[in-house]
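Take a look at the letters that make up each chain.
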Amino acid sequence: MRETLAVLGGSPVREHKISYGRQWIDEEDVKAVSETLLGDYLTCGPKVEELEKELCKLTGAKHAVAVSNGTAALHCACIAAGIGPGDEVITTPITFAASANCALYCGAVPVFADIRKETYNIDPDSIRAHITPRTKAIVAVDFTGQAVEADEIRQICEEYGLIFIEDGAHSIATAYKGRQVGSFADMTTFSFHPVKTITGGEGGAILTNDDDLYRKLVLAHSHGITKDPELMEEAPHEGPWYYEQVSLGYNYRLTDIQASLLLSQMKKLPMFRDRRKAIVARYDEAFSEMPEIIVQKEIPESDTCRHLYIIRLNPDRLRCTRREFFDAMSAENVQCQIHYIPVYWFPYYKRLGYEPGLCPAAEEVYKGIVTIPLYPKMTDEDVEDVIHAVKKVVEYYRIEE
Ligand SMILES: *Cc1c(COP(=O)(O)O)cnc(C)c1O
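Residues numbered from 1 in each chain as written. Predicted model: local features only at pLDDT ≥ 70, side-chain atom pairs only at ≥ 80, totals over all residues. Heavy atoms only, no water.

S.K.: Sorry, what's going on with the nonpolar core here?
M.R.: One recurring pattern in soluble globular proteins: nonpolar side chains tend to sit buried together. Among the nonpolar cores identified, the biggest contains 54 residues, and Tyr 283, Phe 287, Ile 311, Phe 325 and Val 390 are the most heavily contacted of them. Here the element with the most residues in this core is helix α12 (residues 380–397); it accounts for 8 residues. For this core, the domains that each give at least three residues are domain 1 (2–22 + 269–397) and domain 2 (27–267). When residues no more than four places from it in sequence are discounted, the contact partners of Phe 325 are Ile 311, Leu 313, Cys 320, Val 370, Val 390, Val 393 and Val 394. (Core = buried A, V, L, I, M, F, W, Y, C linked by side-chain atoms within 4.5 Å. Buried < 20%, exposed > 50% of the residue type's maximum accessible area, 1.4 Å probe, protein only. Helix = DSSP H or I, 4+ residues; strand = E, 2+ residues; numbered from the N terminus. Domains from an automatic or database assignment. Contact = heavy atoms within 4.5 Å.)

Following this line, the structure appears as structure tokens:
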């Protein structure tokens, strides 16, 4: 059965709808989760510890703290960075809202720096232009999986004494100058939501090389409570049951059930990365030949495991709106998505006083971007269908020179 109206007429390129992203769960994953479910620990057990070790091994970071989701990871990072009322945190508007909300959780003010029009990542020059005496940290997002310009950002952080938080929700398995994401920022956060590269259903983690930040992260994600005598303030050692709450923390723990799923997913990560790279290479080849489509540019320093594939409509070559393009793709049974609406356009941010026009490059890029399907389970035929659908829509709306 054909599911949708065909906007452009004729039969749709695909018979069944393809979505923009989808998890890969197999029997190995199911087995790993079942074993944990029937074991001794559902939370606070050995699987969480094992996951943290594997994340350190993968990234080269000294410490990892597994948490309940990527948003909790960002919140913990801001707490560990000591961000509080009166502070400013610079981030990008082209991201999921959590990258900015984490500053608000701590009573600080998110400040939006503009993006580069070619890479869609935060522009280090714009970061510089937004620094004030109140700036405390930078939350730089590896948008679509491409690493940010980390050396430039590190330089700025050193000059002004800022903390470099890398939101790596999109970029697990990406390397920058040969170093894995997770190993070079002061703190790097991951998300394991099902649309991300590996999933625990929900889940997240923070990576750091700094012992002091690590101690603060551990406290922040579990009530500010410790049983470690070195972290205790009074520690009279009444008995083996003794513990202390030494700061205000949250319950942001990951379960062992999720950790066992993630450990199983991590075994497939090299395969996921290779498959994502192969699909991206095929898309790049197909769309580079089409002047109606602008392909995301990559900096040579980033060896990218792409989470999202975004095409940008060239307004000089297409007579359709982005909405018309999106609807036409949908009618071809290719479900697209838009990543992201500039964060400060949301009503909540407007009420806080942010106004449209803050980041002109971000707003211009936003108007033309469309996310097309990318996930490792896509077959070669799926990939060709998506390319075919883009071609069909582009040919229909093309402006002849
Ligand atoms: C998904 C995402 C988050 C939040 O992660 P959750 O696990 O959904 O809480 C943060 N930042 C970016 C860039 C994301 O894409």
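Picking up after the structure, the text goes on.
S.K.: Is there a simple way to explain the site of the ligand in this structure?
M.R.: In the region of the ligand, 16 residues are neighbours, and Gly 70, Thr 71, Asp 167, Ser 191 and Lys 196 sit closest. The side chain of Asn 69 places a nitrogen or oxygen atom 3.5 Å from an oxygen atom of the ligand. Take Gly 70: an N or O atom from its main chain is 2.7 Å from an oxygen atom of the ligand. Here the ligand has 380 Å² of accessible area as a free molecule, and 92% of this is covered by the chains. Those elements that provide at least two residues to the shell around the ligand are α3 (70–80) and α4 (98–105). Taken together, the residues of the shell around the ligand break down into 6 nonpolar, 8 polar and 2 charged. (Near = heavy atom within 4 Å. Polar contact = N/O pair within 3.5 Å; in protein donor to acceptor, adjacent residues only side chain to side chain. Areas by Shrake-Rupley, 256 points an atom, 1.4 Å probe, with all protein chains shown as cover. Nonpolar A, V, L, I, M, F, W, Y, C, P; charged D, E, K, R; others polar.)

S.K.: Could you clarify how one ought to interpret the packing of α3 against helix α7 (residues 211–220) in this entry?
M.R.: In a packed pair of helices, the relevant descriptors are the angle between the two axes and the axis-to-axis distance. Closest axis-to-axis distance for the α3/α7 pair is 9 Å, and the angle between their directions is 125°. If you check the angle between α3 and α7, you find them oblique. As α3 runs across α7, the sense of the crossing is right-handed. Contacts from Cys 76, Ala 77, Ile 79 and Ala 80 in α3 reach Leu 213, Lys 216, Leu 217 and Ala 220 in α7. A breakdown of the residues in the contact of α3 with α7 according to their chemical character gives 7 nonpolar, no polar and 1 charged. (Axes fitted to C-alpha atoms, helices over the stretch in contact; angles between N-to-C directions. Parallel < 35°, antiparallel > 145°, perpendicular 65-115°, else oblique. Left-handed = near helix turned anticlockwise from the far one by under 90°.)

S.K.: I keep staring at the environment of Ala 286 and nothing clicks. Help me out?
M.R.: Mapped onto the fold, Ala 286 is located in helix α8 (residues 256–288). A relative accessible area of 4% places Ala 286 in the buried class.

S.K.: What am I meant to see in the domain arrangement of the chain here?
M.R.: Interface size, as often reported, equals the accessible area lost upon joining of the parts. Taken domain by domain, the chain comprises domain 1 (2–22 + 269–397) and domain 2 (27–267). For domain 1 versus domain 2, the distance between C-alpha centres works out to 28 Å. The interface is formed by 41 residues belonging to domain 1 together with 41 residues belonging to domain 2. Together, the buried faces of domain 1 and domain 2 total about 3500 Å²; carbon and sulfur atoms form 64% of this surface. Linking domain 1 to domain 2 there are 1 salt bridge. A salt bridge links Glu 364 to Lys 117, with the shortest nitrogen-to-oxygen separation between them at 3.2 Å. Looking at the side of domain 1 that touches domain 2, the elements with two or more residues in it are α8, β12 (293–295), β13 (302–303), β14 (309–313), α10 (347–351) and α11 (360–368). The biggest single contributor to the side of domain 1 that touches domain 2 is α11, with 6 residues. Along the lines of polarity and charge, the residues of the side of domain 1 that touches domain 2 split into 26 nonpolar, 5 polar and 10 charged. (Buried area = accessible area lost by both parts, 1.4 Å probe. Salt bridge = Lys/Arg side-chain N within 4 Å of Asp/Glu carboxyl O.)

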